[in-house]
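Listed below are the residues making up each chain.
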Amino acid sequence: MKTAITELFGIQHPIIQGGMHYVGFAELAAAVSNAGGLGIITGLTQKTPELLAKEIARCRDMTDKPFGVNLTFLPSFTAPPYPEYIAAIREGGVKIVETAGRSPEQYMPALKAAGIKVIHKCTSVRHSLKAEKIGCDAVSVDGFECGGHPGEDDIPNMILLPRAADELKIPFVASGGMADGRSLVASLAMGADGINMGTRFVATKEAPVHDNVKRALVEATELDTRLVMRALRNTERVLKNKGVDQLLEIEREKGTSLKIQDIHEQVAGVYPKVMVAGEMDAGAWSCGMVVGLIHDIPTVRELIDRVMTEAEQIIRQRLIGFLDGVVAKAPRRAVA
């Protein structure tokens, strides 16, 4: 399948593995790239630029296909040394960067000077247009369903994607709720040029996370995510657990007077506890509503091949059948 995204990034399938904290290591990124998608190393999971350089080299040893690095620009008094991280990306020969969080505008000259293509994660049309204006090559449009930070507008992808298609000139991928061939075909129909999958890639054999995490995703339903930190205008969609229940109780007690310090125990340093140690009740960790569509733990290649096979069946059999006057049943599908 060829789309503007496969052409832009030189990949076989229009599927991107989004950057995820303590998930986006070399082994997952390489597996996605080797299977024809675009794998992404999560830059700030590496505590120093030197460690990121080593992780890039490790990924380079595992794949000769294109892969990218995620850089999340954080609102922080002690910002990470972003110029040094960008230098590590440049010197590692990486030509694709997924940016997230705050606007990457300050760092675009350095990225562009290195010949790097930039795809920025956006949760609204207005932010997507700003990304286009500052020179991003593509955007990832994240609907309200997404894990992590869905923004504050609460617009789901059935509305957000067509709106983005109406306004944008650069290509974009759909993110939030993406799990299978149905997701891909629906996103293409609404104007996207591919999909970004996060939570779905966590439940794969190559994802370097504790087995407890993968089991939790298989066992959860679409009703098992919660929105936290709304009062701080830093909304995050997370998987429900005891730590999250405690966080929500504190939020109810504090109301509009909530401060980040009030929930520090439930949000700080959680990812190593969950992803590495498998402490599932440690606190808030990002998870999308798409968890309701996850029922198995395939290899990355099995997952991507399944998505593409199912998408082709839907397009060639079901959709064309409607035009030909055939009442077409949905294709029999494998487990998601």
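Look up: the structure comes first, before these words.
Quick summary incoming for the structure in this document. On a predicted model such as this, the values are computed, not experimentally measured, just so you know.

Side note on the pattern of salt bridges
Oppositely charged side chains may form a pair once their charged atoms are brought near each other. Tallied over the full model, the rule gives 17 salt bridges. A salt bridge links Glu152 to Arg230; its shortest N-O distance comes to 3.9 Å. With Glu152 in the loop between strand E6 (138-142) and helix H7 (157-167) and Arg230 in the loop between strand E9 (225-228) and strand E10 (236-239), the pair connects residues that are 78 residues apart, well separated along the chain. For Glu152, a relative accessible area of 26% translates into the label partly exposed. Residue classification places Arg230 among the partly exposed positions, given a relative accessible area of 32%.

So, the nonpolar core
Within soluble globular proteins, side chains that are nonpolar tend to cluster in buried spots. Counting 82 residues, the largest nonpolar core has Leu71, Ile89, Phe201, Met275 and Trp285 as its most contacted members. Among the elements that take part in this core, helix H14 (residues 300-323) stands out by supplying seven residues, more than any other. Beyond its immediate stretch of four places on either side in the chain, Trp285 contacts Val213, Leu217, Glu236, Arg237, Val238, Leu239, Asn241, Tyr271, Val274, Met275 and Met280. Grouped together as the second largest cluster of nonpolar side chains are eleven residues, Ile5, Phe9, Ile40 and Ile119 included.

Describing the environment of Leu8
The topology assignment puts Leu8 in helix H1 (residues 4-9). For the pair Leu8 and Lys273, spaced 265 residues apart in sequence, the C-alpha separation works out to 37 Å. Among all residues touching Leu8, those that are not within four sequence positions of it are Lys117, Asp137, Ala138 and Pro171.

Remarks on the packing of aromatic side chains
In total, this model carries four aromatic pairs according to the counting rule given. Consider the rings of Tyr22 and Phe25, whose centres lie 6.3 Å apart with planes at 75 degrees: the pair is edge-to-face. For the pair Tyr22 and Phe25, a shared accessibility class is recorded, and that class is buried. With centroids separated by 4.7 Å and ring planes inclined at 55 degrees, the aromatic side chains of Phe73 and Tyr82 adopt a geometry described as tilted. Taken individually, Phe73 and Tyr82 each receive the classification buried, so the pair is uniform in this respect. An aromatic cluster is built from Phe73, Tyr82 and Tyr107, whose rings are joined through pairwise contacts. The positively charged end of Arg237 is found above the aromatic ring belonging to Phe144, 4.9 Å away from the centroid.

So, how was this worked out
- Residues numbered from 1 in each chain as written.
- Predicted model: local features only at pLDDT ≥ 70, side-chain atom pairs only at ≥ 80, totals over all residues.
- Heavy atoms only, no water.
- Salt bridge = Lys/Arg side-chain N within 4 Å of Asp/Glu carboxyl O.
- Helix = DSSP H or I, 4+ residues; strand = E, 2+ residues; numbered from the N terminus.
- Buried < 20%, exposed > 50% of the residue type's maximum accessible area, 1.4 Å probe, protein only.
- Core = buried A, V, L, I, M, F, W, Y, C linked by side-chain atoms within 4.5 Å.
- Contact = heavy atoms within 4.5 Å.
- Phe/Tyr/Trp six-rings, centres within 6.5 Å; stacked < 30°, edge-to-face > 60°.
- Lys NZ or Arg CZ within 6 Å of the ring centre and 35° of its normal.

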